[in-house]
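Coordinate inspection notes
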Amino acid sequence: NPERKVAILGAAGGIGQPLALLMKINPLVSSLSLFDIAGTPGVAADVSHINSPALVKGFMGDDQLGEALEGSDVVIIPAGVPRKPGMTRDDLFNINAGIVKGLCTAIAKYCPNALVNMISNPVNSTVPIAAEVFKKAGTYDEKKLFGVTTLDVVRAKTFYAGKAGLPVSEVNVPVVGGHAGVTILPLFSQATPASNSLSQEDIVALTKRTQDGGTEVVEAKAGKGSATLSMAYAGAVFADACLKGLNGVPDIVECSYVQSTVTELPFFASKVRLGKNGVEEVLGLGELNDFEKQGLENLKGELKDSIEKGIKFAHGN
Ligand code: APR
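The following refers to the structure shown. (Residues numbered from 1 in each chain as written. Predicted model: local features only at pLDDT ≥ 70, side-chain atom pairs only at ≥ 80, totals over all residues. Heavy atoms only, no water.)

Examining the site of the ligand
Selection criterion: Only a single heavy atom is needed: when it lies within 4 Å of a molecule or strand, its residue is near that molecule or strand. Polar contacts, as used here, are pairs of N or O atoms within 3.5 Å; protein pairs need one atom able to donate a hydrogen and one able to accept it. Residues neighboring in sequence count only if both atoms are side-chain atoms. To qualify as a helix, a DSSP run of H or I must reach at least 4 residues; to qualify as a strand, a run of E must reach at least 2; elements of each kind are numbered from the N terminus.
Inspection of the region around the ligand gives 21 residues, with Gly14, Ile15, Asp36, Pro78 and Asn96 positioned closest. Contact between the ligand and Ile15: an oxygen atom at 2.8 Å from a main-chain N or O atom of the residue. Per-element tally for the shell around the ligand: the top contributor is helix H4 (residues 93-110), with 3 residues.

Here it is in structure tokens:
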């Protein structure tokens, strides 16, 4: 395998730390750069003792951001503030939008060819913000910018397998749309293996549980934050798929929120084939049933607003 450098921005956070651990034990990673505004020396020292090949370095503060990013093949961004009870993903908007804008400005300068895996919420808006920042810098490549929606897929698989009584490691469920509430649309009609034991009521309930998965964790954590461990797992799965694509492994397909012509919306999550330059092909929706068609219509308004809000923020500040 070629040498691959992965940078994590926000590496000392609730998502960042377990993500750093998972990327450290990924055999495709030769260099792991951990950046945060505080706390990275400790995280880097800790993770660096694990006896896997990746060389770990910690970087702290804006003046070390360039060095952290230089030469990166994949940059994963979980920097920001997490959602607290009563907060919608939209409440996070102003803080996280500013953080993402700053970090993407640095990516455009120091590693303009890297694949960017956006985790900072609201992803529906932060991905368009990143696109605008890169356009302004003249480095935008729509094949290299991803909103990580893998946690929605992970949840859909877990909930579907549990309800249908199928072995969870064999289950696959495409999830399309966006990454918040009703914009998350799991396509259980395309789940594999198919299940004939689920009623329409079950499908409605599974859809809702997938859409509300983030809130389920926020409420259970009772004021201590949002999903971190499952999000780190999902981020590691998606980054691994990106690295495999870069390394030329054939047939790497993941759902991701990317620039898209699948619908009339400029950004949309659907199955994406990953290759040596990032997105090789954005795959369509396949056949939808009436419930899913309705779900698709229902999500468009909110997703469109979130995209426009991101674009407006990027231009306004
Ligand atoms: N650059 C780098 N790191 C930053 C910056 C910045 N400008 N601003 C904040 N951070 C760091 C914080 O120092 C912290 O270590 O981001 C980390 C965020 O960690 P947590 O507060 O624990 O939040 P977490 O639960 O990891 O969620 C982070 O991911 O899923 C989203 O909604 C979630 O947007 C939130 C983000």
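Observations concerning the side chain of Asn121
Just so we agree on the cut-off: Accessibility here uses a 1.4 Å probe with only protein chains present; expressed as a share of the type maximum, an area under 20% marks a residue as buried, one over 50% as exposed, and anything in between as partly exposed.
In this structure, Asn121 sits in the loop between strand S5 (115-118) and helix H5 (123-137). With relative accessibility at 17%, the residue Asn121 sits in the buried group. A polar side-chain atom of Asn121 sits 3.2 Å from the main-chain amide nitrogen of Val123.

Focus on the side chain of Ser260
For clarity, the threshold we go by: Residue contacts follow a heavy-atom distance rule, with two residues in contact if any of their heavy atoms lie within 4.5 Å.
Relative to the assigned elements, Ser260 resides in the loop between strand S9 (252-259) and strand S10 (267-275). Within the structure, Ser260 has its side chain in polar contact with the backbone nitrogen of Val262 (distance 3.0 Å). Aside from chain neighbours lying at most four places away, what touches Ser260 is Leu265, Pro266, Phe267, Phe268 and Val282.

Looking at unusual backbone geometry
In the segment running from Asn121 into Pro122, the intervening peptide bond is cis, with an omega of -5 degrees. Omega for the peptide link from Thr192 to Pro193 comes to -10 degrees, which places this bond in the cis form. Mapping Pro193 onto the fold places it in the loop between strand S8 (184-186) and helix H7 (200-211). With a phi close to 45 degrees, Ala222 is a non-glycine residue in the positive phi region.

Notes on the packing of aromatic side chains
Convention followed: For this analysis, a ring pair means two rings from Phe, Tyr or Trp (six-membered ring only for Trp) whose centres lie within 6.5 Å, classed as stacked if their planes differ by under 30 degrees, edge-to-face if by over 60, and tilted for the remaining angles. By definition here, charges over rings are those cases where NZ of Lys or CZ of Arg is within 6 Å of the ring centre and within 35 degrees of the ring normal.
Summed over the entire model, instances satisfying the criterion amount to 4 aromatic pairs. When the centroid spacing of 5.5 Å and the interplanar angle of 90 degrees are considered together, the rings of Phe93 and Phe313 count as edge-to-face. Residue Phe93 is found in helix H4, and its partner Phe313 is found in helix H10 (residues 290-316); the two are separated by 220 residues along the sequence. Exposure class is identical for Phe93 and Phe313. Each is buried. Over the ring of Phe159 we find Arg209; its NZ or CZ atom is 3.9 Å from the centre of that ring. Taking NZ or CZ as reference, Lys309 lies 4.5 Å from the ring centre of Phe93, over its face.

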